[in-house]
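One letter stands for each residue in the lines below.
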Amino acid sequence: MSGWRLAIDFGTSNTAAAHRAAGAGHGGPAAEALALSHHGNLLPSAVFADGQGLLVGHVAMNQAESRPDAFLPEPKRAIGSETVLLAGSRMPVVEVVAAVIGSVLERARRFAGGTMPDDVVLTHPEGWGQAELVRLIEGAERAGIERRRLSLVSEPRAATYWYSFKRPLSPGQKVAVFDLGGGTLDVAVLTPAADGSLQVVAARGDNSLGGRTLDARIRSWVESELEENDTELLRALQSGATGPSLSLDRSIRTAKEVLSEAPRATITVAAKGRETTLMLTRGEFEELIKPDIDRALDVTRATMLDAGLRPDPSTPLYLTGGSARVPYVQDRLGELCQVATLDDPKTVVSRGALMGPTRRADDVVAGVTTWIAPGAIAAGAGPMAVSPMPPVGPHSQAQSPAPAQPPTQPQPQQQFQPQQFQQSQPQMPQQPYRPVSNPYGQQPGPQNAQQHQSQPQQFAAVPSSSGTKSGNSKTPLIAIGAIAALLLVGGIAWAAMSGGDEGGEGNGNGGGTSTGASESTSPGDDGGVAMTGAPWPNPMPGPSDYKEATAAVDERLPDGLTDGLQQCSATDTSLSIGMGGERVPGYLCGYESDVGNGRGPNIFDVMPNPDIIEVVRSAGKRSTSELEELLNEDGKAIYLHDRDSFAYFYYVDDAGGYVYESGHFETADDARAFLRDRGLI
């Protein structure tokens, strides 16, 4: 194959790749998915340390049973950490990333007759911060890809490039992307920008909801059936042996896929010489996963509200991620939008990454947002003439690109602990990954080499996406740029307070109110926040008790924040902090339509929770914080967070025992104007 381009979609559970001829323009042939294994277009992202190197994919999963502590099923979740524990030793996370990318590159080169691609595009979650992106870039470099040939694009942008290639978007049109992968849910709303790139209008996520969540529902059902009908087999299954558990997981995944096409599927359970076969109908499966799909719809609905969209059958919703193929998921999403199911949702991100503008790796490292025409990076072309613009629409305002942010100082790194292995599949023999020399036959230039050497000292760890509040997205309360490590600490405290309940859907820009501050407290020896305001309703109102929920919020917020308040709903949601999410009762509130008119948010959250108050206040005090303190007096504080494509603020009330998190503003000036107009600053 003569000149060609490669895109790699490094996923939580699986990795996909696509190729396209170099020089193919917008009217040229579309990108095509690459077959990465005998099983199809997907390669499991799993790695296994065999003592000589890292095995990747199906072969890693096949080896996992022999030594579970040497296996990492979802390395993407570790990218917020410096190192990961494998086989009793610490290994740099970039080496693990390099192993996956290197394995994909090797397979792609075999398809291309051994030649290297002219350039490589890497995709990433919209919510990743700079530290995570840099680790992704470093991993690609260690896999043998020169940085000057690397560019990046977010997953929702890539998916929209693919779908808009098939169905062109009109100026100002807004589309939604629903990405339900193996381990995470991400939802974004995008619109075309003047330079051909895509502007992310709103984004949310839930890193506790994905295909594994649905598998866990089936697993619980299986165990309930065994508890009732075959307790000896259940005890054998739970005896701790890895093999029977792995076999059951494979049977569950197969059944889930079968139920996408058939009304029933069988699940085989075998352990210690006993075996039984269970029958699961599609109706039973849909009933099992209904709470999870309800959560997914809540995230989708809230993201649309963030973007100024109301549920409308005419709004296109593009699907990506393997779990988005479940018919029940598509049927439920049809309640909100027009579901677009073009091609295989598992590969649209990798194919779309080759169809639209991307960001050069050097620009990403420098914190610069400029866009390169597809394939132009291979020729060393400069940035496109026009930087990304705000969405085109009746309420849009021109704004200059945000200036590059200075690199943050290193912070204590969180060490990632791999979860116990849960799955396995056979695969053809594979050589362990080892670092490779530059296959292009050239050494990186002095500038690139110098940048590469300095990066580990420039960036602090930022926890993994799906719910990250960094980059250009607005997803549930999580890592805010360089303050991620602090939020992780807050998450640990929150988890202890909440009893460790499983995380639910991300609330991001919506109204999540934790009722942890339902009783008045006083300062303790540890200097905690004093709560002296009226307690929030406990128990909370029911989900449809809008009047009571609205009154609870209206009674406690200052007039400046309740002016225009339309309705609140009590919800059982979650806010993700650090690497995970915790279940948090809350309220989703909305303003009247004339408030969210481009200079004000459509919806907001309130979080009455002492740990969240402490997290936000502590974050605002840090010298490396991306929060700008606008007010801090009389037990109240306001912190502004200005991103490249939107802004929002936190209002902290110690006595009231809550944090108000605003919805999106198009610019930081709009947020300040909103606060001034309401007498808050």
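Bear in mind that the values here come from a model prediction, so they are computed numbers and not experimental data.

Draft legend 1. Looking closely at the sheet that holds strand 7 (residues 71–72). In spatial order, the strands read 6-5-7; together these 3 strands make up an open sheet with antiparallel pairing. In this open sheet, the two strands that pair with only one neighbour each are strand 6 (54–56) and strand 7. Judged from the 3 bridges that link them, strand 5 (residues 47–49) and strand 6 form a sheet pairing that is antiparallel. Pairing of Phe-48 across the sheet is with Leu-55, part of strand 6. Sheet strands in contact with helix 2 (residues 93–111) are strand 5, strand 6 and strand 7, and its direction is about 55 degrees off that of strand 6.

Draft legend 2. Region of interest: the pairing of strand 2 (residues 14–21). In terms of burial, strand 2 is a largely internal element, 6 of the 8 residues being buried. With 6 bridges joining them, strand 1 (residues 4–9) and strand 2 adopt antiparallel strand pairing. Looking across to strand 2, one finds that Arg-5 is bridged to Arg-20. Hairpin remark: strand 1 followed by strand 2, antiparallel, with 4 residues in the connecting loop. In this sheet, strand 4 (residues 43–44) lies alongside strand 2 in antiparallel orientation, the contact comprising 2 bridges.

Draft legend 3. Focus on a negative patch on the surface. On the surface, Asp-554, Asp-559, Asp-563 and Glu-592 cluster together to form a negatively charged patch. Note that Asp-559 resides in helix 15 (residues 559–562). A relative accessible area of 65% places Asp-559 in the exposed class.

Draft legend 4. Spotlight on the nonpolar core. One finds Leu-6, Leu-86, Ile-101, Leu-122, Leu-136, Leu-150 and Leu-152 to be the most contacted residues of the largest nonpolar core, which totals 53 residues. Here this core gets 10 residues from one element, more than from any other, and that element is helix 2. By size, the runner-up hydrophobic cluster in this structure holds 46 residues, among which are Phe-178, Ile-289, Leu-319 and Ala-324.

Draft legend 5. Representation of the side chain of Lys-256 within the structure. Locating Lys-256 in the fold gives a position in helix 7 (residues 242–258). Contacts of Lys-256, omitting those with residues within four sequence positions, involve Gly-211, Leu-214, Asp-215, Ile-218, Phe-285 and Ser-323.

Draft legend 6. Here's a closer look at the environment of Glu-548. Its place among the elements puts Glu-548 in helix 14 (residues 546–556). On the accessibility criterion, Glu-548 (43% relative accessible area) is partly exposed. Linking Glu-548 and Pro-537, residues 11 residues apart in sequence, is a C-alpha distance of 9.2 Å.

Draft legend 7. Structural view of the side chain of Arg-359. If you trace the backbone, Arg-359 turns up in strand 19 (residues 359–360). The class of Arg-359 is buried, set by a relative accessible area of 14%. Of the polar contacts made by the side chain of Arg-359, one reaches the backbone oxygen of Val-368; its length is 2.8 Å. Dropping the residues within four chain positions of it, Arg-359 is found in contact with Ser-151, Leu-152, Val-364, Gly-367, Val-368, Thr-369, Thr-370 and Trp-371.

Draft legend 8. Representation of the packing of helix 5 (residues 211–229) against helix 7 in the model. Put simply, helix 5 and helix 7 touch, their axes get as near as 10 Å, and they point 110 degrees apart. Considering their axes alone, helix 5 and helix 7 lie roughly perpendicular with respect to each other. Taken as a pair, helix 5 and helix 7 cross one another with a handedness that is right-handed. Packed against helix 5, whose contacting residues are Gly-211, Leu-214, Asp-215, Ile-218, Arg-219 and Val-222, the element helix 7 presents Ser-245, Leu-248, Asp-249, Ile-252, Arg-253 and Lys-256 at the interface.

Draft legend 9. Quick look at the packing of helix 5 against helix 8 (residues 282–306). The geometry of helix 5 relative to helix 8 is characterised by a closest axis approach of 10 Å and an angle of 140 degrees between their N-to-C directions. One element, helix 5, and the other, helix 8, form an angle in the oblique class. Helix-helix and strand crossings are classified by hand; for helix 5 and helix 8 the assignment is right-handed. Of helix 8, the residues touching helix 5 (which contributes Thr-213, Leu-214, Arg-217, Ile-218 and Trp-221) are Glu-284, Phe-285, Leu-288, Ile-289, Pro-291, Asp-292, Ile-293 and Arg-295. The residue inventory of the contact of helix 5 with helix 8, partitioned by class, reads 8 nonpolar, 1 polar and 4 charged.

The rules behind these values
- Residues numbered from 1 in each chain as written.
- Predicted model: local features only at pLDDT ≥ 70, side-chain atom pairs only at ≥ 80, totals over all residues.
- Heavy atoms only, no water.
- Pairing = 2+ DSSP bridges.
- Helix = DSSP H or I, 4+ residues; strand = E, 2+ residues; numbered from the N terminus.
- Contact = heavy atoms within 4.5 Å.
- Axes fitted to C-alpha atoms, helices over the stretch in contact; angles between N-to-C directions.
- Buried < 20%, exposed > 50% of the residue type's maximum accessible area, 1.4 Å probe, protein only.
- Patch = residues over 30% accessible without salt bridge, like charges linked within 9 Å, V, L, I, M, F, W, Y side chains within 5 Å.
- Areas by Shrake-Rupley, 256 points an atom, 1.4 Å probe, with all protein chains shown as cover.
- Salt bridge = Lys/Arg side-chain N within 4 Å of Asp/Glu carboxyl O.
- Lys, Arg positive; Asp, Glu negative; His and termini not counted.
- Charge placed at Lys NZ, Arg CZ, Asp CG, Glu CD.
- Core = buried A, V, L, I, M, F, W, Y, C linked by side-chain atoms within 4.5 Å.
- Polar contact = N/O pair within 3.5 Å; in protein donor to acceptor, adjacent residues only side chain to side chain.
- Parallel < 35°, antiparallel > 145°, perpendicular 65-115°, else oblique.
- Left-handed = near helix turned anticlockwise from the far one by under 90°.
- Nonpolar A, V, L, I, M, F, W, Y, C, P; charged D, E, K, R; others polar.

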